[in-house]
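Topology and contacts: notes
Now for the letters of each chain:
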Amino acid sequence: MTEKALDDYMKKADVEFRNILSKSKEDSYITISLITKYLFSCLVDADRLDARAFELSETIGKIENNHSFFQLVIMLY
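Keep in mind that what you see is a predicted model, and the values were worked out from it rather than measured.

Scoring rules and cut-offs
Residues numbered from 1 in each chain as written. Predicted model: local features only at pLDDT ≥ 70, side-chain atom pairs only at ≥ 80, totals over all residues. Heavy atoms only, no water. Helix = DSSP H or I, 4+ residues; strand = E, 2+ residues; numbered from the N terminus. Buried < 20%, exposed > 50% of the residue type's maximum accessible area, 1.4 Å probe, protein only. Areas by Shrake-Rupley, 256 points an atom, 1.4 Å probe, with all protein chains shown as cover. Expected span 1.5 Å × (residues − 1). Contact = heavy atoms within 4.5 Å. Salt bridge = Lys/Arg side-chain N within 4 Å of Asp/Glu carboxyl O. Axes fitted to C-alpha atoms, helices over the stretch in contact; angles between N-to-C directions. Parallel < 35°, antiparallel > 145°, perpendicular 65-115°, else oblique. Left-handed = near helix turned anticlockwise from the far one by under 90°. Nonpolar A, V, L, I, M, F, W, Y, C, P; charged D, E, K, R; others polar.

**Topic: the overall build of the protein chain**
A tally of regular secondary structure across the protein chain gives 3 helices and 0 strands. For the protein chain, the α and β elements follow one another from N to C terminus as α-α-α. When each of the 77 residues of the protein chain is scored for burial, the buried share is 6%. Approximately 7300 Å² of the protein chain is accessible, and the part contributed by carbon and sulfur atoms is 61%.

Pasting the structure below:
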């Protein structure tokens, strides 16, 4: 991923994060802490999956589009 692509990706993430916070009916500190916990959980799961694949000398296919999953999460939230 190029530096520009990463920068664009982070800008989109910032917009999504701000949208979630603006829709929050609870205290924003609670919302931020839950999102942070979720993101770290995803990071740990991804690291475990990658480590296991490395142990087995396998490659993990690229996940093309999680957009629909995140839209569902936002709608349920």
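Next, the rest of the story.
**Describing helix α2 (residues 28–55)**
Taking 1.5 Å per residue, 28 residues should reach 40 Å; α2 reaches 40 Å between its end C-alpha atoms and fits that length. All buried positions along α2 are accounted for by T31, I35 and A53. Residues of α2 that are buried make contact with α1 (3–23).

**Quick notes on the pattern of salt bridges**
Applying the stated rule across the entire model yields 4 salt bridges. Across the pair D7 and K11 runs a salt bridge, and its minimum N-O distance is 3.3 Å. With D7 and K11 both in helix α1 and 4 residues apart, the pair spans about one turn of that helix. Judged by relative accessible area, which is 38%, D7 ranks as partly exposed. The exposure class of K11 is partly exposed, given its relative accessible area of 49%. Note that D14 and R18 form a salt bridge whose closest N and O atoms lie 3.1 Å from each other.

**Brief notes about the packing of α1 against α2**
Where α1 meets α2, the closest approach of the two axes is 9 Å, and the angle between their N-to-C directions is 135 degrees. The angle between α1 and α2 places the two elements in the oblique class. Of the two elements, α1 crosses α2, and the hand of that crossing is right-handed. Between α1, through F17, I20 and L21, and α2, the contact on the second element is made entirely by S28, T31, I32 and I35. Tallied by class, the residues present in the contact of α1 with α2 amount to 5 nonpolar, 2 polar and no charged.

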